Each structure stands twice: as C-alpha cells, then as structure tokens.
Amino acid sequence: MTAGAVSAVRVAPRSAAVLAVASAAGLMMLCWPLLLRVPEGARVDPPFLFVGLLPVVLAVVLAELNEGGLDPRVLAVLGVLSAVNSVLRGISPGTAGVELTFFLLILAGRVFGPGFGFVLGCTSLFASALMTAGVGPWLPYQMMCAAWVGMGAGLLPRRLTGRAEIAALAAYGVASAYLFGLLMNLSGWPFLTGIEVPGHEGSLSYVPGAPLLDNLHTFLVYTLLTSTGSWDSMRAITNVVAIVVLGPAVLTTLRRAARRATVTGTVEGPVTVTAR
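Residues numbered from 1 in each chain as written. Predicted model: local features only at pLDDT ≥ 70, side-chain atom pairs only at ≥ 80, totals over all residues. Heavy atoms only, no water.

(A) Representation of the overall build of the chain within the structure. What the chain contains, in helices and strands, is 8 helices and 0 strands. Burial statistics for the chain: of 276 residues in total, 47% are counted as buried. The long-range fraction of contacts in the chain, counting pairs at least 24 apart against all pairs at least 6 apart in sequence, stands at 80%. Surface summary for the chain: the accessible area is close to 14200 Å², and the carbon and sulfur share equals 67%. (Helix = DSSP H or I, 4+ residues; strand = E, 2+ residues; numbered from the N terminus. Buried < 20%, exposed > 50% of the residue type's maximum accessible area, 1.4 Å probe, protein only. Contact = heavy atoms within 4.5 Å. Areas by Shrake-Rupley, 256 points an atom, 1.4 Å probe, with all protein chains shown as cover.)

(B) Broad picture of the confidence of the model for the chain. Counting all residues, the mean pLDDT for the chain is 79, and 76% of those residues have values of 70 or more. No element of the chain has a lower mean pLDDT than helix H2 (residues 48-68), which averages 63, and none a higher one than helix H7 (residues 162-188), which averages 93. Predicted confidence for residues 263-276 stays below pLDDT 50, and this span has 1 contact to residues more than four positions away or in other chains. (pLDDT = per-residue confidence, 0-100.)

(C) Here's a closer look at the packing of aromatic side chains. Scanning the model with the defined rule gives 4 aromatic pairs in all. Taken together, a centroid distance of 5.3 Å and an interplanar angle of 50° make the contact between tryptophan 189 and phenylalanine 219 tilted. Highlighted residues: tryptophan 189 in the loop between H7 and helix H8 (212-261) and phenylalanine 219 in helix H8, separated in sequence by 30 residues. The same class applies to tryptophan 189 and to phenylalanine 219, which are both buried. The structure contains a cluster of three or more aromatic residues connected by ring pairs, namely Trp189, Tyr206 and Phe219. (Phe/Tyr/Trp six-rings, centres within 6.5 Å; stacked < 30°, edge-to-face > 60°.)

(D) Summary view of the nonpolar core. If you look at the biggest cluster of nonpolar residues, it comprises 59 residues, and the most contacted ones within it are Leu81, Phe103, Phe112, Phe116, Phe118, Trp148 and Leu254. Breaking this core down by element, the ones donating at least two residues are helix H1 (13-35), helix H3 (72-91), helix H4 (101-112), helix H5 (114-132), helix H6 (139-154), H7 and H8. Looking at which element gives the most residues to this core, the answer is H6, with 11 residues. (Core = buried A, V, L, I, M, F, W, Y, C linked by side-chain atoms within 4.5 Å.)

(E) Fine view of H4. The terminal C-alpha atoms of H4, which comprises 12 residues, lie 17 Å apart, in line with the 16 Å expected from a rise of 1.5 Å per residue. Across the 12 residues that make up H4, a large majority, 12, are buried. Buried within H4 are the following residues: Thr101, Phe102, Phe103, Leu104, Leu105, Ile106, Leu107, Ala108, Gly109, Arg110, Val111 and Phe112. With its phi angle positive at about 105°, glycine 113 sits one or two positions after the end of H4. (Expected span 1.5 Å × (residues − 1).)

(F) Structural detail: the side chain of asparagine 85. Relative to the assigned elements, asparagine 85 resides in helix H3. In contact with asparagine 85, not counting residues within four places along its chain, are Leu100, Thr101, Leu104, Leu105 and Ser124.

(G) The arrangement of the packing of H6 against H7 in detail. Running from N to C, H6 and H7 point in directions that differ by 155°, and their axes come no closer than 10 Å. Classified by the angle between their axes, H6 and H7 sit roughly antiparallel to one another. Crossing of H6 against H7: the hand is right-handed. Seen from H6, the contacting residues are Tyr141, Gln142, Cys145, Ala146, Trp148, Val149, Gly152 and Ala153; seen from H7, they are Tyr172, Ser176, Phe180, Leu183, Met184 and Ser187. Here the residues of the contact of H6 with H7 are counted per class, giving 10 nonpolar, 4 polar and no charged. (Axes fitted to C-alpha atoms, helices over the stretch in contact; angles between N-to-C directions. Parallel < 35°, antiparallel > 145°, perpendicular 65-115°, else oblique. Left-handed = near helix turned anticlockwise from the far one by under 90°. Nonpolar A, V, L, I, M, F, W, Y, C, P; charged D, E, K, R; others polar.)

The following block contains the structure:
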C-alpha cells in the first residue's frame, strides 16, 4: 500500500451525508438569485437570512465530524494547520491574486481526507479573518468555498503517487483557484448595480426576472472580464508554483504527522505496552 492510498481521517457515512447536505445548502445560497422568479425590474436585496444560516450549517458539519473522526490528536493538527494558514494569508492577503492559503489547504486535504479538508477550509478562513480584520458578510461564503477546496482535494484518486500525484494536485490547484473566484463573484454580483467594464458595451449587472441563461451569460462575461484573467489566474499560478516546489516536502511532513496523530485498524486480544 502506498503512502497516499488511504485518507488519514476517514469520513463515516453519516458524516458524508452531512457534508453533502451542507454543500448543497451552500450552493443554493450562492445560486438562488439565478433561480429566483420576480417581476422584471424588481430589486433583489442581499440574503441576510442566508448569511446568518450559513455559519449554523458549518457549525453542524464541524460538530458531526468531531463526533465521527476528529479525535484530540487530529484536532491538534487541525489547530496547527489553521494557525499556519492564517499566518500565510496574513503575509499574502490576496494582493494581485497572490494567496498562499490554498496550497497548504489542498495538500492537507489530500493527506487527511475530504472531511478534514472541509473543516480546515472553514477554520483557516475564519482564523485569518480575525487576524486581518476581514470579518464581514462575505466571510461565510469564503469559508464555504474554501471548505469545498479542501474537501475536493481529499476526493482526488488515492492511487496517485510521486510525480503523478504532484501533477494532479497542481492541476487541481488551477481548477480550484478559478472555481473559488467564480463562486465568490457569484456571492456578490447579483447585488451590484450599474456594473460597466471598459471595452464592453452595455451593463453587466444582474437583471431580476431575466431568463436564467441570460443572467448566467452576463455573470460569466462579468467574471471573465473582472477576475479570471487577473486575480484568479495569479491565484492559480501561486498554487501551481507552491505545490510543485514545496509539495513533496510538505506532503512527507503531513503524512508523518498523520501517522502519529491517527490510529487505524482494530486490536484483538490482550495488549502489552512496553516503555521505550
């Protein structure tokens, strides 16, 4: 069995179901304006109720995973990685899209599994927001999107090792960087008015009551023109460089920590403990 074949923290079926429900709820909280049917020209206000409910959903997920597989040793690792990630975000706060937060989140999700990656995404963004005074209505969405990044890394094929594993993680780093930017744009775009981009004729604002495909097309154009070629691309490049350069060493360190923090298998019969 290879070192990367099994997640260090396995997700129980009930925990997996909770993760699925929470992810579906988070996606609905992001996409609901596109599915809303209102009279043309009506105003759509920000979803303050959803913003309040999202932390509750995340808390339920954290509690369930804590019951299902995050023992004190794994929680200690989670705390250390959350602190490291918050510091990394503090020294690279997304200026021009350069963010060091996500590469460690991806590598930790890969080693410890999707449940751990989900929790680490939440705790990392929350801790860094407290450190950088970045608490606001956008924070729950950042936490959810980062949680998806960590969870997705844990769901990558386990059989990959060596250079193939690094290549897969780097490719995932690119895809997740663009997806994170797209979803974060979606969390705020429907509530911005008078959006005009130089070089593009017409408004790129959300139109309440317009057909789904029309609003979706407008949103994709808005994302391409405002973030895909700049912020998101720099985030993707940062992920790739960090994963390729630091990935092998960090994966080795995390797997060593995982072996010490987790115990797998069952023990039958008497156990003798010998002091060393």
